[in-house]
Structures are given as structure tokens and as C-alpha cells.
Amino acid sequence: MSLICELSDLRRLYHKRVPKMFQGYCESGSWTQQTLSLNTSDFKEILFRQRVARDLEPRSLKTTLVGQDAKMPLALAPVGLLGMQHADGEILAAQAAEEFGVPFTLSTMSICSIEAVAAKTQKPFWFQLYVQKDREFTKKLIDRAKAAGCSALVVTLDLQMIGRRHADHRNGMTAPPRLTLPNIIDIAKRPRWAMGMLNTKNREFGNIQGCATGVDDMNDLMKWTAGSFDTKLGWEDIQYFRDIWQGPLIIKGIMEADDARECVKLGADAIVVSNHGGRQLDGARSSISTLPEIVEAVGDQIEVWLDGGIRSGQDIIRAKALGAKGVMVGRPMVYGLGAMGKPGVSKMLEIFHQEAELTMAFIGHRDIHQVTRDDIVLRTPFPR
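A quick note: this is a predicted structure, and the numbers were derived from the prediction, not measured.

Scoring rules and cut-offs
Residues numbered from 1 in each chain as written. Predicted model: local features only at pLDDT ≥ 70, side-chain atom pairs only at ≥ 80, totals over all residues. Heavy atoms only, no water. Helix = DSSP H or I, 4+ residues; strand = E, 2+ residues; numbered from the N terminus. Rg over C-alpha atoms; globule rule 2.2 N^0.38 Å. Buried < 20%, exposed > 50% of the residue type's maximum accessible area, 1.4 Å probe, protein only. Contact = heavy atoms within 4.5 Å. Areas by Shrake-Rupley, 256 points an atom, 1.4 Å probe, with all protein chains shown as cover. Core = buried A, V, L, I, M, F, W, Y, C linked by side-chain atoms within 4.5 Å. Axes fitted to C-alpha atoms, helices over the stretch in contact; angles between N-to-C directions. Parallel < 35°, antiparallel > 145°, perpendicular 65-115°, else oblique. Left-handed = near helix turned anticlockwise from the far one by under 90°. Nonpolar A, V, L, I, M, F, W, Y, C, P; charged D, E, K, R; others polar. Salt bridge = Lys/Arg side-chain N within 4 Å of Asp/Glu carboxyl O. Pairing = 2+ DSSP bridges. Phe/Tyr/Trp six-rings, centres within 6.5 Å; stacked < 30°, edge-to-face > 60°. Lys NZ or Arg CZ within 6 Å of the ring centre and 35° of its normal.

J.: Before we move on, can you summarise the overall build of the protein with the specific residues and values?
T.: Looking only at helices and strands, the protein features 17 helices and twelve strands. Taking 384 residues into account, the globule formula puts the C-alpha radius of gyration at 21 Å, and the protein, at 20 Å, falls close to it. Along the first, second and third principal axes, the C-alpha set of the protein runs to 60 × 50 × 40 Å. Counting across all 384 residues of the protein, residues that qualify as buried make up 58%. Nonlocal contacts in the protein, meaning residues at least 24 apart in sequence, comprise 75% of its contacts between residues at least 6 apart. For the protein, the computed accessible surface area is about 16,200 Å², with 51% contributed by carbon and sulfur atoms.

J.: Which residues make up the nonpolar core, and what values go with them?
T.: Residues Leu74, Leu76, Phe104, Ile251, Leu306 and Phe352 are the most contacted members of the largest nonpolar core, which totals 106 residues. Grouped together as the second largest cluster of nonpolar side chains are 13 residues, Ala70, Ala75, Trp305 and Met328 included.

J.: Outline the packing of helix α1 (residues 7-17) against helix α16 (residues 331-340), listing residues and values.
T.: Viewed as axis vectors pointing N to C, α1 and α16 meet at an angle of 55 degrees, and their least axial separation amounts to 7 Å. The orientation of α1 with respect to α16, classified from their angle, is oblique. Seen along the crossing, α1 lies across α16 with a hand that is left-handed. On α16, the residues that touch Leu7, Leu10, Arg11, Leu13, Tyr14 and Arg17 of α1 are Pro332, Val334, Tyr335, Gly336, Gly338, Ala339 and Met340. Taken together, the residues of the contact of α1 with α16 break down into nine nonpolar, two polar and two charged.

J.: So, the pattern of salt bridges: which residues are in play, and what are the values?
T.: On inspection of all chains with the given rule, the structure shows 21 salt bridges. We note a salt bridge from Asp375 to Arg51, for which the minimum N-O separation is 2.4 Å. Placement of the pair is Asp375 in the loop between α17 (342-362) and β12 (376-378) and Arg51 in the loop between β1 (46-48) and β2 (63-65), with a sequence separation of 324 residues. Here Asp375 falls in the buried class, since its relative accessible area comes to 2%. Arg51 gets classed as partly exposed once you look at its relative accessible area, which sits at 23%. The structure contains a network of salt bridges with shared partners spanning Glu57, Arg59 and Glu357.

J.: Give me the lowdown on the pairing of strand β11 (residues 326-329), citing residues and values where you can.
T.: Burial along β11 is two-sided: Gly326 and Met328 facing one way and Val327 and Val329 facing the other are all buried. Pairing of strand β4 (residues 74-76) with β11 involves three bridges; the strand directions are parallel. Counted as the bridge partner of Leu76 is Val329 from β11. Where strand β10 (residues 303-307) and β11 come together, three bridges link them in parallel fashion. By the bridge assignment, Leu306 is partnered in β11 with Val327.

J.: An account of the packing of aromatic side chains is requested, with residue identities and associated values reported.
T.: Taken as a whole and judged by the stated rule, the model has five aromatic pairs. One cation-aromatic arrangement involves Lys71 over Phe100; the distance from NZ or CZ to the ring centre is 4.3 Å. When the ring centre of Tyr25 is taken as origin, the NZ or CZ atom of Arg279, which lies over that ring, is 4.5 Å away.

J.: For unusual backbone geometry, give the residues involved together with the corresponding values.
T.: Of the consecutive residues Glu57 and Pro58, the connecting peptide bond is found in the cis state with omega at -10 degrees. Within the secondary structure, Pro58 is located in the loop between β1 and β2. Located in the positive-phi region is His276, a residue other than glycine, with phi close to 60 degrees. By secondary structure assignment, the location of His276 is in the loop between β9 (270-273) and α14 (287-298). The class of His276 is buried, set by a relative accessible area of 12%.

Right, dumping it as C-alpha cells:
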């Protein structure tokens, strides 16, 4: 494919080049996948107001996210197993984000370790924390992020237990993949992916294996997760992490106004309205439909961002119009990475920037901070 105009072009190439097991991990939601579908379909209910005869020069999408400069109001979301989508995936995505000028967030469940990513990047990245029952190990993760110079901590609250994702069970998803006959046949059809994996040492969970007590074999990721993540996590625990981190704290997985208010109380710098990409509670509302009431509840007391369903630069403008300070994108990053490696992530960011800038101009603005609720119309009201 020589011409890539939009995200769907990268997605088609992604499906050709990445083994089905890891495609399933990226593309699937939990149970019936209703929430996964709503995350994207609800964006179609948001229409723009077209305006003309406006001065549209110069144009800028530049903003700040928790006080850090960004070329547009977007951060690359934490995605587990990114290094299985493409060899050294976390490193390449972090490099692409750094060069473009947006934040990259490294997942606890990454293939490349905190230290491996830090060694191959020049600017600080963010670290996303899943809280473990083993609090000493959890604290060590935070200490490692500090030592690596990570500039923000993203604590994810909506994965105390793992959702039922049928695709992962059907595919027998492991990292690295088990060498069963179906997997061998599938990988043989994707020589670029296979050669990349053969040429890297990063094929296991770099932040976990060899670091967490008693963790030697993580082939059954879902079983390990069920046994290690803290199902008793409470707000007092988050306050503890707030106190020991001290830098910018972002809390991800907020879908209710009351929970947003709790984040304000404990001094978080930002919250991410997110249902984990439709991979946890199925039958929940979409992130975008929940955004307005959370913005209404916390006002200017804390930065409110959106995660889930962003598939274009136009969706960034839609989220901004409904009050989001910025957005996080996960699957679009995966499509670009799996399709073309680092250049694919860069291409995705370029496409989103161009789409957002053009849309901003069509609705009559030349600066992202001018976009407001007056720039959109809802075809149907979101449920409350």
C-alpha cells in the first residue's frame, strides 16, 4: 500500500502484518462488545457547525497537558503488549511521539521495560501504573519510573480485575506466542513481524518478569492478572501514591461524576474519562457520552481528558468541544505501529493533526483553545 490517507488505511495494513492473536487483543472488547461499539458510534451523533469568512491564519493546535507542552491535545495511551504488535513496539512508539511532540505513556504490562524505553529516548515519557497486591513491587515500579525520569504517573483504576474478553481466550493469547501449529502457520504468513521478533531480545513482560516476587512464567497473562491485581484498591491507596510520586498524577478510568470529585479531593492533576476501550464492563456508556457531565461536575478544578473511540482528528475536536482538555489514543497507535513500525505511528499522528487542524478551520477557528460547545450540535441527546 503506497498511499495512506486515513486511519483505515493503516488498519488494513495492520491486519495484514500482525498475527491474529495480537490483532484480537487490540480489536476486541468484553462480552458482547456493546460498549466497544458505542465508544465509536456515539461520536457520529456529534455534528459540526460550519462557519465561513473568518481569518484562519495562523492556525495552532498547541496546548499543555499537565503543564507539559504538546503539539496537539493528544497523548499516546498506555497499551499492554505493545512490543508484540511490532518488535520493540514501546520504544518505537515513544520515539515517534517524542519527535512529533506529544506524550507517550508506557504501560505496566509493556514488553519493553521502563529502562529499555528510557535508554532509547531523549525526553521524559509517562508511566502507567496498575496497582498490585504486592505493594512493595508496586512501590518499586514507581521508584523505577522516577529513576528513568518519567514526567507523569498515570494510575489506571478500572482494571482491579480483568474483563471477560472472548477473543483472547479463543486465541490463547500469550507473550511470546506459544508455538502451536495454528500459530506457526499464522506467523509464517507474516515474515516482517517474525523477523523483527527474532532480532530483538524484548519478547516478555519487561517490567514484571525478573522483578516481581515469584513471577517466572507469565504465559497465562489472564490468570496472572487475576491473581496479582489489587481487588481491594481504595481511595486511601491512591492518596498514598499521590504522596510518594509528588509529580503530575493522572487518574484513568473515571466514568462517574462522584469518582471525578474524589480525584479532585486527593489532588490529582488530571482525570481520563475512560471505560478501558470497552474491554472491561460491557454495557457501560461510551466515554464521549459521559464526558459532558463529568466536565460539569468538576469544572476547572482538574484537567479532564477523554479516552476511547477516537478514530480521527475530527474526534479530537468533538471531544474538545464537549470540554475535554485532551485525548488519549490507543488503538490508532497500534494500527500505525503494527502496519509500519515507528513511521506508522508518525503517520497516524500526522493524519490526526491535519484532520484536527482542517476541522478547526472549517468551524471558524485558528486556535484549539477557541473550540467550545457552541461549535457542535448533538443529533440525539446522550443518556444520563
